[in-house]
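# Chain and residue survey
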Amino acid sequence: MVFLEYAFNDPPADRWSRMISAHGGGTIYFPPIIVDAGDQFTMGYHSNFGQVYGDMVDAALERPPLGSLSVARQRVNDTFEFTVELVNNAGVSLSTSNYAAVHVLVFEDDPAGVSRVTSRYIRGDDSVSISLLADGESDTFNLTVDLTGVGVDWSRLHSVVLVDYRPGGSSGIWDMVQAAFQP
């Protein structure tokens, strides 16, 4: 399990739509917290935040993965290039009709000059839609995160590759298929 933080008004890739979808509309109170791409959502101050967040983490850990990922990452100048192999075990086809996508989020531990709470701040991202991947099938996806001009400490960079989709098709929350951490 990896906890990541980003500017609420400038989220990476398409994370904003997942937050709004998980919330269901209306006013959002800080901090908004989503787990598993929207499967769980809470917001605002909780006097028992340790219990609330702990319960969310426990529930996420109890869910079986809906796929498996194999990830290779290499640095090329000021970019990271990712090759991701996904095996779909979700019980449904992953496709553009259920907004399935592969995402990569590159984050920096304790970045200088960035206000943060978790000490893991997202510095770059990329995503690619899954056209069609039947249950039980596999496919390979290539993604690139360009960090030119971002001013990162390369020795503190890590990444998370994740796959999510919208079980309800064009509406409802997104759900996580699988995620993989790259140290």
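How each quantity is defined
- Residues numbered from 1 in each chain as written.
- Predicted model: local features only at pLDDT ≥ 70, side-chain atom pairs only at ≥ 80, totals over all residues.
- Heavy atoms only, no water.
- Helix = DSSP H or I, 4+ residues; strand = E, 2+ residues; numbered from the N terminus.
- Buried < 20%, exposed > 50% of the residue type's maximum accessible area, 1.4 Å probe, protein only.
- Contact = heavy atoms within 4.5 Å.
- Phe/Tyr/Trp six-rings, centres within 6.5 Å; stacked < 30°, edge-to-face > 60°.
- Lys NZ or Arg CZ within 6 Å of the ring centre and 35° of its normal.
- Pairing = 2+ DSSP bridges.
- Axes fitted to C-alpha atoms, helices over the stretch in contact; angles between N-to-C directions.

Turning our eyes to something else, we now look at the overall build of the protein chain. The number of helices and strands found in the protein chain is 2 helices and 11 strands. In sequence order, the secondary structure elements of the protein chain are arranged as α-β-β-α-β-β-β-β-β-β-β-β-β. By the burial criterion, 42% of the 183 residues in the protein chain qualify as buried. Taking all contacts inside the protein chain whose residues are at least 6 apart in sequence as the whole, residues at least 24 apart take part in 60%.

What follows deals with the packing of aromatic side chains. A complete count under the given rule lists 5 aromatic pairs for this structure. Plain terms: the ring middles of phenylalanine 49 and tyrosine 53 are 6.1 Å apart, the flat faces sit at 55° to each other, and that makes the pair tilted. Within this pair, phenylalanine 49 and its partner tyrosine 53 are both found in helix α2 (residues 49–62), separated by 4 residues, close to a single helical turn. Ring centres of phenylalanine 80 and phenylalanine 82 lie 6.1 Å apart, and the angle between their planes is 65°; this geometry places the pair in the edge-to-face category. Members of the aromatic cluster, each reached through a chain of ring pairs, are Phe80, Phe82 and Trp154. For the cation-ring pair, arginine 73 lies above phenylalanine 80, with the distance from its terminal atom to the ring centre recorded as 4.5 Å. The ring of tryptophan 154 has arginine 75 lying over it, and the distance from NZ or CZ to the ring centre is 3.7 Å.

Counting through the fold element by element, proline 31 comes out in the loop between α1 (15–23) and β1 (33–35). Spatially, the C-alpha atom of proline 31 lies 7.1 Å from that of tyrosine 45, the residues being 14 residues apart in sequence. Residues in contact with proline 31, not counting those within four places in the same chain, are Thr42, Met43, Gly44 and Tyr53.

Attention shifts here to the sheet that holds strand β10 (residues 157–165). Taken in spatial order, the 4 strands of this open sheet run β7-β6-β10-β11, and their pairing is antiparallel. Where the open sheet ends on each side, the last strands, each with one partner, are β7 (120–129) and β11 (175–182). With direction set aside, neighbouring strand axes in the sheet form an average angle of 20°. As paired strands, β10 and β11 are joined by 7 bridges and run antiparallel to one another. Bridging across to β11, valine 160 finds its partner in phenylalanine 181.

Read these as spatial facts, not as claims about activity.
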